[in-house]
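Remarks on the overall topology
So you can see what is in the structure, the chains are spelled out below.
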Amino acid sequence: MGAGFAGALLARIGAKLGFKVGLLEKSAHPRFAIGESTTPLTNLLLEEISEEFSLSNLKNFSSYTRWQKSNPQITCGLKRGFSFFHHQPQRPWRRNDQNEWLISASPHDGLADTHWYREDLDQAWTSAAIEEGVYYLDHFNLISVDEFSENLWNLCGRMSDGRIVQWRAPWIIDATGPRGALAKLLPIPEASPDFYPTTIGIFSHFRNVPLWKDLHPDEYQNPDLLPFPVDDAAVHHIFNEGWMWALRFNNGVTSAGLSIKQSSVNEISSFTDTKHPGYGLWDNTLKKYLSLGDLFHGSNRIRDWSSANPLPYFSSKITGIHGSKCWTLLPSAASFIDPLLSSGFPLTLLGIQRLGSILKSINPGSDFVGSEDFYRSINQYSYQTRDESNITAKLVAKMLLNLDKPRVFQALTRFYFVAASYSEIMRRLHRPEQAEGFLLSQKPEFRLSFENLIDSLPDTNEPGWEQKFQKWSSEQLHALHPFDVMGMTNTTRSGRFSALASDLLNAADRIGVSKNELQEFLVNSGFYNSIDL
């Protein structure tokens, strides 16, 4: 259920493996979806899924250059890294050592990540699923899910012309996103963790948004001093009450939105319509943070606001077995945390990879749901999905609670970048057992350090906070150093981190690989040149 990129991809995998698959969509393509960014780990997972399930053209979406060579008609954006800019109220932004944080994800455009223009991509991947043999039905508004028999669900939906259509299947997989179809109809209660702050999200698409570098020529006139062009990135504008993202696509559209802490909403806007808070939140944010006002001055919003209130979502259940039939939520339907770290894509692709492996292990014609192996596998999937959601939520929650403290916020991002880059290199070196779980959640030595440090982060209101934070920072750098393959624990870089071969080569002893092996890997991967190999 749900013909976004995730539902379409998993449906295609199922059909490739010989299953009869129906893909049900409430609306129709093309349809608007929030702009989102990939990361090196996301693109690696696409490559792995492409190979594991023989989906040859899926790999074409694993880098910007490959995408442009193979599918230039499908809109996307160039992403070289993460740009973070911290803002103060009623003051124009001027660069200093604390308010800029640039983290490179690739050494050149040939290996760059992408922003997904979802309305194009979702349609393309749905078409690929149909070509694989998936039966696709759109304008299908699901109105009930019932138990038809011991081994079949009955899904009843109303079409746009009023017809009632029924589907019967032993396994329903929900890819309809947070508070989606099954959450509403079964129903499945929410279960937000106590530590996670409530936020409100609004977003839309714009044209004529100037480049950040052009608004600040003094800071960015020399590209040789930068790890990447600052606008070719997932751009994050951080301020006390929340943050703004800006993602640029190669069709001239910029996807932008706000994530605002519920506790701070009244500091930004006194809106009363909680369903559509966009106008007040957006306009007053631009007035309060002057350089953001400059950024969107003269831009044109090309569609109405979309909103999520509240933005975070955590389902109390992820899968359920009833007799010889099952329902399962994809990670994207089981939780929605915050796009702050672009974690949605890798979490969802990890879930697709795991469910695809379950499908691969069973006979399409068998009563597979009733088997002990299926029961064990699907419960393991549920556990991993919940665990990865929780560890990501712990990190993002701490970051959201420290938006007004740049040094703390930046220190917290180290957990993500160290874990993500370590996972990527281990998987690329064919050692996936060394990088199990998102944010290394299944690597005990990393997980223990992470949990201890997250729990012991000193409160800025504590007496002697400065000294306590310095001690905490030293402990963090020490704990992360064994996993650091990109120089994130190098404190001499002043917030600008390029993708350097030397960082990986210097980590050879720590990751148990010779420098010659790493050098060969860098050459074969195209790291040293601008050709996407």
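Small disclaimer: the values here were computed from a predicted structure and weren't measured.

What counts, and where the lines are drawn
- Residues numbered from 1 in each chain as written.
- Predicted model: local features only at pLDDT ≥ 70, side-chain atom pairs only at ≥ 80, totals over all residues.
- Heavy atoms only, no water.
- Pairing = 2+ DSSP bridges.
- Helix = DSSP H or I, 4+ residues; strand = E, 2+ residues; numbered from the N terminus.
- Axes fitted to C-alpha atoms, helices over the stretch in contact; angles between N-to-C directions.
- Salt bridge = Lys/Arg side-chain N within 4 Å of Asp/Glu carboxyl O.
- Buried < 20%, exposed > 50% of the residue type's maximum accessible area, 1.4 Å probe, protein only.
- Contact = heavy atoms within 4.5 Å.
- Phe/Tyr/Trp six-rings, centres within 6.5 Å; stacked < 30°, edge-to-face > 60°.
- Expected span 1.5 Å × (residues − 1).

In any sheet, the strands associate via hydrogen bonds between backbone groups, in a parallel or an antiparallel arrangement. Strand order in the open sheet formed by 3 strands is E11-E20-E19, and the pairing between neighbours is mixed. Either end of the sheet is taken by a strand with one partner, and the two such strands are strand E11 (171-174) and strand E19 (319-322). The average angle at which neighbouring strand axes cross in this sheet is 10 degrees, direction not considered. Sheet analysis places E11 next to strand E20 (residues 325-329), joined by 4 bridges and oriented parallel. Across the sheet, residue Trp-171 finds its bridge partner in E20, namely Cys-326.

Time to look at the sheet that holds strand E2 (residues 36-37). Pairing is antiparallel across the open sheet formed by 3 strands, whose spatial order is E2-E6-E3. Looking at which strands have only one partner, the edges of the open sheet turn out to be E2 and strand E3 (76-79). As defined by bridge partners, E3 adjoins strand E6 (residues 113-116) across 4 bridges and the pair is classed as antiparallel. Across the sheet, residue Leu-78 finds its bridge partner in E6, namely Thr-114.

In the structure shown here, the tally under the stated rule is 32 salt bridges. A salt bridge links Glu-47 to Arg-428; the nearest nitrogen and oxygen atoms lie 3.2 Å apart. Here the residue Glu-47 occupies a position in helix H2 (residues 40-52), and Arg-428 occupies one in helix H14 (residues 406-428), the gap between them amounting to 381 residues. The residue Glu-445 makes a salt bridge to Lys-443 at a minimum N-O spacing of 3.6 Å. Accessibility expressed as a relative area gives 43% for Glu-445, which makes it partly exposed. Each of the salt bridges in this network shares a partner with another, and the network as a whole consists of Glu-25, Arg-31, Glu-36, Arg-118 and Asp-122.

The next point concerns the environment of Pro-227. As for its position among the elements, Pro-227 is in the loop between helix H7 (217-220) and strand E13 (234-239). Residue classification places Pro-227 among the buried positions, given a relative accessible area of 10%. In contact with Pro-227, not counting residues within four places along its chain, are Arg-80, Leu-102, Ser-104, Arg-496, Phe-497 and Ser-498.

If you walk through the whole model with that rule in mind, you get 42 aromatic pairs. Consider the rings of Tyr-117 and Phe-249, whose centres lie 5.0 Å apart with planes at 70 degrees: the pair is edge-to-face. Here Tyr-117, found in the loop between E6 and helix H4 (118-131), pairs with Phe-249, found in the loop between strand E14 (242-248) and strand E15 (253-261); they are 132 residues apart in sequence, far enough to count as distant. This pair shows no difference in class: Tyr-117 is buried, exactly as Phe-249 is.

Right, let's get into H2. In an α-helix, one turn spans 3.6 residues, which is why side chains three or four residues apart end up on the same side. For H2, built from 13 residues, the straight-helix expectation of 18 Å at 1.5 Å per residue is met to within 8% by its first-to-last C-alpha distance of 18 Å. Burial analysis of H2 places 11 of its 13 residues in the buried class, the great majority of the element. By the burial criterion, the buried members of H2 are Pro-40, Leu-41, Thr-42, Asn-43, Leu-44, Leu-45, Leu-46, Glu-47, Glu-48, Ile-49 and Ser-50. On its buried side, H2 packs onto helix H1 (5-16), helix H3 (64-70), E6, H4, helix H12 (344-360) and H14. Positive phi shows up at Ser-54, right after H2, with a value of about 55 degrees.

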